[in-house]
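Examination of the molecular architecture
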Amino acid sequence: MIADKLGFDPSRCFINGAWVPPHDGRTVRLENPSTGETIGTIARGGTKDIDSAVQAAQSALNGQWGATTALERGRLLTRIGQRVLENVDLLAELEAADVGKPLTQARNDAIALARYMEFYGGATDKVHGETIPYLDGYTVYTLREPHGVTGHIVPWNYPMQIIGRSVGAALAMGNAAVLKPAEEACLTALAFAAIAHEAGLPQGALNVVPGLGEEAGAALTAHAGVNHISFTGSVGVGALVQSAAARNVAPVTLELGGKSPQIVFDDADIDKALPFLVNAGIQNAGQTCSASSRILVQRGIYDDVVARMSERYKALRVGPAADDLDVGPLISARQKEIVSGFLDVARADNLTIAAQGQIVGNAPDTGHYVAPSLLVGVSPDHPLAQDEIFGPVQVVLPFDTEEEAIAIANGTEFGLVAGIWTRDGGRQMRLAKAVRSGQIFINNYGAGGGVELPFGGVGKSGHGREKGFEALYGFSVLKTVAAHHG
Ligand code: NAD
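So, here is what we can say about the structure in this document. (Residues numbered from 1 in each chain as written. Predicted model: local features only at pLDDT ≥ 70, side-chain atom pairs only at ≥ 80, totals over all residues. Heavy atoms only, no water.)

Focus: helix 1 (residues 47-62)
Threshold: Under the scheme used here, helices are H or I runs from DSSP no shorter than 4 residues and strands are E runs no shorter than 2 residues, and both carry numbers assigned from the N terminus. Multiplying 1.5 Å by the helix residue count minus one yields the expected span of that helix. Throughout, a residue-residue contact means that at least one pair of heavy atoms, one from each residue, lies within 4.5 Å.
Under the 1.5 Å per step criterion, the end-to-end length of helix 1 is 23 Å for 16 residues, consistent within 8% with the ideal 22 Å. Among the structural elements, strand 1 (13-15), strand 7 (149-153), strand 8 (176-180), strand 9 (206-208) and helix 7 (213-222) are those in contact with the buried residues of helix 1.

Structural notes on the sheet that holds strand 6 (residues 138-146)
Let me state the cut-off plainly: Strand pairing is assigned whenever DSSP identifies at least 2 bridges connecting the two strands.
Judged by pairing direction, the sheet is antiparallel, and its three strands sit side by side in the order 5-6-22 without closing on themselves. Edge strands, defined here as strands with exactly one partner in the open sheet, are strand 5 (131-132) and strand 22 (476-484). Inspection of the sheet shows strand 6 paired to strand 22 by nine bridges, in the antiparallel sense. Its bridge partner lying in strand 22, Glu145 is registered against Val477.

Describing the pattern of salt bridges
Just so we agree on the cut-off: Salt bridge, as used here, is a side-chain nitrogen of Lys or Arg placed within 4 Å of a carboxyl oxygen of Asp or Glu. Burial classes: relative accessible area under 20% of the type maximum marks a residue as buried, over 50% as exposed, and values in between as partly exposed (1.4 Å probe, protein chains only).
Summed over all chains, the structure comprises 24 salt bridges. For the salt bridge of Asp304 with Arg308, the shortest nitrogen-to-oxygen distance reads 3.8 Å. Of this pair, Asp304 and Arg308 both sit in helix 10 (residues 299-315), four residues apart, which is roughly one turn of that helix. Asp304 gets classed as partly exposed once you look at its relative accessible area, which sits at 39%. Among the charged side chains, a salt-bridge network with shared partners connects Asp24, Arg26, Arg44 and Glu215.

Focus: the nonpolar core
This is how it is decided: In these notes, a set of buried Ala, Val, Leu, Ile, Met, Phe, Trp, Tyr and Cys residues joined through side-chain atoms within 4.5 Å is what counts as a nonpolar core.
Ile80, Tyr120, Phe192, Leu201 and Leu206 are the most contacted members of the largest nonpolar core, which has 84 residues in total. Of the residues forming this core, the biggest block, nine residues, is contributed by helix 6 (residues 187-198). Once you skip the residues sitting within four places of it in the chain, Leu201 turns out to touch Trp65, Leu76, Ile80, Leu171, Ala196 and Leu206. By size, the runner-up hydrophobic cluster in this structure holds 56 residues, among which are Ile295, Met309, Leu330 and Leu397.

Concerning the packing of aromatic side chains
Which entries qualify depends on this criterion: When two rings of Phe, Tyr or Trp (its six-membered ring) have centres within 6.5 Å they constitute a pair, described as stacked for plane angles under 30 degrees, edge-to-face for angles over 60, and tilted for the intermediate range. Placement of a charge over a ring requires the Lys NZ or Arg CZ to be within 6 Å of the ring centre, with the centre-to-atom vector within 35 degrees of the ring normal.
Inspection of every chain in the model, using the stated rule, returns 11 aromatic pairs. Plain terms: the ring middles of Phe14 and Trp19 are 4.8 Å apart, the flat faces sit at 55 degrees to each other, and that makes the pair tilted. Measuring from centroid to centroid gives 6.5 Å for Phe119 and Phe469, while their planes differ by 85 degrees, and the two rings are edge-to-face. Remark: Phe469 occurs in the loop between strand 21 (462-463) and helix 15 (470-474) and Phe119 occurs in helix 4 (residues 103-123); sequence separation between them is 350 residues. On the basis of relative accessible area, Phe119 is assigned to the buried category, the value being 16%. Lys101 extends its terminal NZ or CZ atom over the ring of Tyr158, reaching a point 3.6 Å from the ring centre. One Lys or Arg, Lys467, reaches over the ring of Phe455 and ends 4.5 Å from the middle of that ring.

Laid out in C-alpha cells, this is it:
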C-alpha cells in the first residue's frame, strides 16, 4: 500500500492544519491505472467537510495567516518549494502510482510544483498598486488585496502542476485556500499539504477535502463563504461550476479543454518540429488539456511528415508507469472506453490509422492501456478532428494556403494552445494574430512547462489566466482609494 510511505492517513481530510476523518466516514477506493490494483482509500468528503474547511480558511484570514506580510509569504512559499524539491522522489512515486504517469514525467511535475512555489515566492512583494492622476486636491491610489477564501477544483491529469499554479498564486496574494482534488488521483495533493504545513504554512491557509465532484466539488462551488473559484477540468463541469458560483456572484477562472493545432508550413525545419509534433500528442497518454491533437501540414510536405511521424509512432512503447516508457496507461477503465470508442468510430468511418505504438508484453491486462494512434484521411469537421479525445490520438490534416490553415485551426469550439512552424517571419506574426488561442508557440510547442507564461483559453477552453504574473492579478482584487486633502 502506497499509504505506508506517507506520514499521514490519506483517507482523511486536511483541515485547519490537522488530519481529520470525513464527517460521515465514507471513503473512495484509489486505483493504480498501470495494474488496476487498489492502492489505498481516500476520504469522500461532503458538504459538512467543505463547510469546516471554509470556516478554517476564514479563521486563518482573521488570524496569523491574514497578518502575514508579502515578504513573509514570499519566504514561506520559497521554503515550501525547497521542501518539495527534497521530496521529489516520493512525490514522483505517488503520482506515478496514482495517475499512471511514467516516472520521469511524474518527476518533472514534482519539479514544476517546486518551481511554481519559487516563482510565486519571489513575486509576492512585487505586485504593486498605482497612483492615478485625478482632480485637484486629490490623491488616488490602488491596492491589490486578496479575494479571501479561494476554492480550487483540480483534475487528475496534472495534479501537482495545477495545484502549483493555482494554489501557489492564491497563497502568494494572501488568500486562504480550500482544495478539492480529483477523486481518481489525490495523493500528491495531500502530500503537498503535509509538506507545506511542515514548512511553516499556518493552519487553515490551505485545506484539502478529497471527494467526488458532485458532492465535495459541488459543495465548494455553491458555498457562500467562497470568494473566488479556480476550476480546471471538463467543459461540462466548468459550466456547472460557473452557474453555481454565479448564485453567490463569486468570480470564476475556468481552465477547460482543447483541440490544439500545430501548423506546419513547407518551409519549416521538419527535423526540429518532429519531436514536438509527436510528443505534444502522446505526453501523459494524451490526457493533457494542451495536447496537440491536430497536426495541420501543408500539402507539399504532407506525405513526408506523415511518414516521419509514423516512424516515431511505431517506436513508441506503452507500459506501466514504473517502467518509465514513452507512454503510460490511461487513468481509468472509463477513460479507456471513451478513447477506444473514438478509435471504433475512426474504423467505422474508414479513416486510416497510419501508425500505432506498441503496448509492451508485461503490461498487465488489468491496466488501462491504449496504443497511441496516428490518423489520416480525416475531414476537419469529423468528430475525431473536433472533439477533445483525451487520449494518445492525433489526426494529421492537409492544407494548401495560409488562409486555409487559419480557417482549419480556428474551426473548433476550443482555443487553448497553437503551434506555428515556419521560417517566414511575416507569416509567423500574421498567424500569431489570426489564430484564436490563449497561447501561441512559434517553432516550438509548450516548451519548458511555462511556469512564467500566462495560460488559459478562449471559447470553450475557458476564461481567466493562470501561471506567470498574470495569475496574481486574477487571485487578487483591486481597491481604489481616493483621498481628498484640498
Ligand atoms: P472533470 O471536469 O470531470 O473533473 C475535474 C474536477 O472537477 C474533479 O476534481 C472533479 O471531482 C470535479 N467535479 C466534477 N463534477 C463536479 C461538480 N458537479 N461540481 C464541482 N466539481 C466537480 O474533468 P476530468 O475528466 O477530471 O479532467 C479532464 C478535463 O480537464 C479535460 O477536459 C481537460 O482538457 C481538462 N483540463 C484542463 C486544463 C487546463 O488548464 N485548461 C488542465 C488539465 C485538464
